[in-house]
Amino acid sequence: TNPLTPGTLTFTYNDALPAANSQAVVLKGGFLGSLATTFNVLNAGGSLRVVLQDIDLNLAPNTPNMVTGVLVTSAMTNQYEMLTLTENGGDTGVFTGVLHTSVDPTRGFDFTGDMHVQPGDLLNVRYNDVSPATPVERGVRIATEAVLTRSPLLLFVGG
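Structural notes, computed from the coordinates.

What counts and how
Residues numbered from 1 in each chain as written. Predicted model: local features only at pLDDT ≥ 70, side-chain atom pairs only at ≥ 80, totals over all residues. Heavy atoms only, no water. Helix = DSSP H or I, 4+ residues; strand = E, 2+ residues; numbered from the N terminus. Buried < 20%, exposed > 50% of the residue type's maximum accessible area, 1.4 Å probe, protein only. Contact = heavy atoms within 4.5 Å. Areas by Shrake-Rupley, 256 points an atom, 1.4 Å probe, with all protein chains shown as cover. Pairing = 2+ DSSP bridges. Patch = residues over 30% accessible without salt bridge, like charges linked within 9 Å, V, L, I, M, F, W, Y side chains within 5 Å. Salt bridge = Lys/Arg side-chain N within 4 Å of Asp/Glu carboxyl O.

A few words on the overall build of the chain. A count of helices and strands for the chain gives 1 helix and 11 strands. Beginning at the N terminus, the succession of helices and strands in the chain can be written as β-β-β-β-β-β-β-β-β-β-β-α. For the chain, with 159 residues in total, the buried portion stands at 28%. Sequence-distant contacts in the chain: of pairs separated by 6 or more residues, those separated by 24 or more amount to 54%. Approximately 9900 Å² of the chain is accessible, and the part contributed by carbon and sulfur atoms is 58%.

Right, dumping it as structure tokens:
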């Protein structure tokens, strides 16, 4: 077994004295997953694409697997949404899912697949990796709208 890939590696040591004395050590490996999102900033009402890469979750070779347990929370509305991600083909270890957002300052119902957000909100995307046992997080800011009161060109030339 290659120790750089996930799985189980067994080391066995045989001692000559006393005769037939052996000891085995079993090591289990794992890869820390990584999260990515379409953007670091999202327009309110847009769709957020989430990508999780974790080869440990490729449980059925040659068959696309599904992962549940990617939690998205809104800092302003305190709403929770759980994403189910689907593997992009067999044996890839890359899983994707989409969360839709709606412009609404009120707290939406949890786990409906539609996150209520408002400009300036912060979404936290969190996945708890099992091997190694580590939380993996990613923040996405909801864009705010800015209004120019004067043309930048006029400001530049002293207007």
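So, on to the pairing of strand 11 (residues 134-142). As paired strands, strand 4 (residues 41-42) and strand 11 are joined by 2 bridges and run parallel to one another. In the strand pairing of strand 11, leucine 42 is matched with isoleucine 142. Pairing geometry for strand 10 (residues 122-129) and strand 11, over 8 bridges, is antiparallel. Its bridge partner being in strand 11, asparagine 124 is matched across the sheet by glycine 139. What sits between strand 10 and strand 11 in their antiparallel hairpin is a turn of 4 residues.

The grouping of Tyr80, Met82 and Phe111 at the surface amounts to a nonpolar patch, some 310 Å² of accessible area in total. As for its position among the elements, phenylalanine 111 is in the loop between strand 8 (94-103) and strand 9 (114-117). On the accessibility criterion, phenylalanine 111 (51% relative accessible area) is exposed.

This part takes up unusual backbone geometry. Unusually for a residue other than glycine, aspartate 91 sits at a positive phi of about 65°. Along the polypeptide, aspartate 91 turns up in the loop between strand 7 (80-87) and strand 8. On the accessibility criterion, aspartate 91 (38% relative accessible area) is partly exposed. At phenylalanine 111, a position not held by glycine, the phi torsion is positive, near 60°.

In this structure, alanine 36 sits in strand 3 (residues 34-37). Judged by relative accessible area, which is 33%, alanine 36 ranks as partly exposed. With 89 residues separating them in the primary sequence, alanine 36 and valine 125 have C-alpha atoms 9.2 Å apart. In this structure alanine 36 touches Arg49, Val50, Val51 and Arg138, once residues within four positions along its chain are discounted.

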